[in-house]
Amino acid sequence: SGSKNAGLALMAASVLCSKPTTLIGLPNVKDMFSMTQLLLDLGAKVSFDATQIEKYGPDCSLMTIDNSNINKLVAEYDFVKKMRASVFVLGPLLTRFGEAKVSLPGGCAIGVRPVDFHLRGLEAMDAKIEITDGYIVAKAPEGGLKGADFTLPMASVSATENLMSAAVLANGTTILRNVAKEPHIVAMADFLNKCGADISGAGTETITIHGVKELGGCKFIVPEDYVEAGTYAIAAAITDGDVLLKNCNMKTFESYADVFEKVGIGLEEVKYDDNGENKVAVRAFKRHEFTPCDIQTGVYPGFPTDLQAQMMIPLIMANGRSVITENLFENRFMHTAELMRMGAKIEVHGGDAIISGGTKLKSAEVMSTDLRASAALLLASLVAEGKSKIDRVYHLDRGYENIEMKLNNCGAKLERVVE
Ligand code: EPU
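No experiment lies behind these values; they were computed from the predicted model shown.

Participant: Got a minute to help me understand the site of the ligand in this structure?
Facilitator: Among the 23 residues in the neighbourhood of the ligand, the closest are listed as Asp116, Ser156, Val157, Asp306 and Leu328. Between an oxygen atom of the ligand and a side-chain N or O atom of Asn5, the distance comes to 3.2 Å. Protein chains shield 89% of the accessible area of the ligand, which is 820 Å² for the free molecule. Those elements that provide at least two residues to the shell around the ligand are α1 (4–13), α6 (116–124), α7 (157–168) and α13 (371–383).

If you want it as structure tokens, here you go:
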């Protein structure tokens, strides 16, 4: 499917555009619906054009967002508390309309997740920022934000996205240093350039943005979700399956293919015939008995924190000791306690999870705590002896499109139980 995190960034960035934009291939996941609700509340018109499915394929979600009549510059707490990515509208609203009020996101299950880099960057562009009643109240100077030279203290994805959008309509040139390099940052810059922005350097450590007066609209294809692709590749390998992952290629896996190779998860680019059209897909399979491995999460192109929980399953199956070090979020090991209820042997010391592998997982009733933790529990259930039950799967629905259908089509037996 299309990438959730690219989709969220693109939908929020569309707020910069005075003409309608069309996003092709957005995943049908809850976070997209939450972002849609927020945009509608700001006054956007959002439509889904089913007639275009013939042109772009049956899996496409084609959304047209018309932000020409935004009439509210406030992102209410009700939206932000449901989804932190709501804060992505701060930069676009502020730079286009000169002011914005966005509820401060609190922490979430995986960590405190402050937004201080966003605010410092906007202040460097001459914005006045106050925190009032739990809201970020931001004002641009008369005549708009000013270009600035700003170095992010850490390569934050959301801060890069917010500051890049703010700079697009600012006066003069902005240089953002030590920025995030994820594929969704590149997609967002490509999208904005297609709408008339002047951004260069996305995908490297420094992004340069020459401000323009106005953005139009465009049609843009959302890139594939490399976290979803990785999750299914792990699913194939741990069940000794052999699965064809479509709508992706080897580049999709570039930030973790080396780790997969060491552990024994095979990836191979193959060609297949899609109704007479020659297309590329990636075959995922188990290359050999899993090998223990020490893994450190890092900013892109380091090993993604969003695959850390899922990667624990092959390491639990590998004979020997592995250490996973989580370097981005201080509380992203919530899944370990649940995995231990399924028989895994894991000790957590600060940012390190020490896995004594070689244990056979057994079924249990377990509890999801966040999106990727839920994915890990689902993977564990696929290999556990017996029938497992995962509670609070609504976390999973935030980021995995049609997960039951996709896995059941490959022979898994998943059933959604409504209680
Ligand atoms: N940070 C700060 N101050 C800031 C911003 C970030 O201290 O102002 C810190 C964070 O606390 C964290 C680190 O910087 O320790 C990196 O956070 P980042 O800002 O990059 O994360 P994010 O933008 O909030 C996005 C994804 C996450 C993904 C991270 C890291 C979206 C909507 N979310 O979050 O995705 O884990 O980047 O790659 O793009 C997920 O999909 O499950 C998910 C959590």
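Participant: I would appreciate a short explanation of the nonpolar core in the present structure.
Facilitator: The nonpolar side chains of a soluble globular protein tend to be buried with one another. Among the nonpolar cores identified, the biggest contains 75 residues, and Val89, Phe191 and Leu192 are the most heavily contacted of them. Ranked by residues supplied to this core, first place goes to α1 with seven residues.

Participant: Before we go on, may I ask you to explain the pairing of strand β17 (residues 321–325) in this structure?
Facilitator: On a regular strand, one side chain projects to one face of the sheet and the next to the other, so that they alternate. Of all five residues in β17, four are buried; the element is thus mostly enclosed. Of the pairings in the sheet, the one linking strand β16 (residues 295–296) to β17 comprises two bridges and is parallel in character. Across the sheet, Ile295 pairs through a bridge with Ile324, a residue of β17. A crossover connection joins β16 to the parallel β17 through helix α11 (residues 308–317); in handedness this β-α-β unit is right-handed.

Participant: How do you make sense of the packing of aromatic side chains when you look at a structure like this?
Facilitator: Aromatic ring pairs are reported here in terms of the distance separating the ring centres and the angle at which the planes meet. Going through the model one piece at a time under the given rule, you end up with five aromatic pairs. On the numbers, 5.7 Å between centres and 75 degrees between planes, the contact of Phe191 with Phe220 is edge-to-face. With Phe191 in helix α8 (residues 183–194) and Phe220 in strand β12 (residues 219–221), the pair connects residues that are 29 residues apart, well separated along the chain. A ring pair is formed by Tyr256 and Phe303, whose centres lie 6.3 Å apart and whose planes are at 70 degrees; its orientation type is edge-to-face. A residue pair is termed long-range when its members are at least 10 positions apart, and Tyr256 in the loop between β13 (242–245) and α10 (257–263) and Phe303 in the loop between β16 and α11 qualify at 47 residues. Among the residues examined, Tyr256 registers a relative accessible area of 0% and is labelled buried. One aromatic cluster is present, formed by Phe253, Tyr256, Phe260 and Phe303 through successive ring pairs. A cation sits over an aromatic face here: Lys101 above Tyr135, 4.9 Å from the ring centre. Over the face of the ring belonging to Phe290 we find Lys286, whose NZ or CZ atom lies 4.9 Å from the ring centre.

Participant: Honestly, the sheet that holds strand β5 (residues 99–103) in this entry has me stumped. Any pointers?
Facilitator: Sheets are built from strands that pair by backbone hydrogen bonding, the pairs being arranged parallel or antiparallel. The four strands are arranged β4-β5-β7-β6 in an open sheet whose pairing can be described as mixed. Edge positions in the sheet fall to β4 (74–75) and β6 (128–132), since each of these pairs with one other strand and no more. Relative to strand β7 (residues 135–139), β5 runs antiparallel, the two sharing five bridges. Within the sheet, the bridge partner assigned to Val102 lies in β7 and is Ile136. Docked against the sheet, helix α5 (residues 90–97) engages β5 and β7, running at close to 160 degrees with respect to β5.

Procedures and definitions
- Residues numbered from 1 in each chain as written.
- Predicted model: local features only at pLDDT ≥ 70, side-chain atom pairs only at ≥ 80, totals over all residues.
- Heavy atoms only, no water.
- Near = heavy atom within 4 Å.
- Polar contact = N/O pair within 3.5 Å; in protein donor to acceptor, adjacent residues only side chain to side chain.
- Areas by Shrake-Rupley, 256 points an atom, 1.4 Å probe, with all protein chains shown as cover.
- Helix = DSSP H or I, 4+ residues; strand = E, 2+ residues; numbered from the N terminus.
- Core = buried A, V, L, I, M, F, W, Y, C linked by side-chain atoms within 4.5 Å.
- Buried < 20%, exposed > 50% of the residue type's maximum accessible area, 1.4 Å probe, protein only.
- Pairing = 2+ DSSP bridges.
- Right-handed = clockwise from strand over helix to strand, strands pointing away.
- Phe/Tyr/Trp six-rings, centres within 6.5 Å; stacked < 30°, edge-to-face > 60°.
- Lys NZ or Arg CZ within 6 Å of the ring centre and 35° of its normal.
- Contact = heavy atoms within 4.5 Å.
- Axes fitted to C-alpha atoms, helices over the stretch in contact; angles between N-to-C directions.

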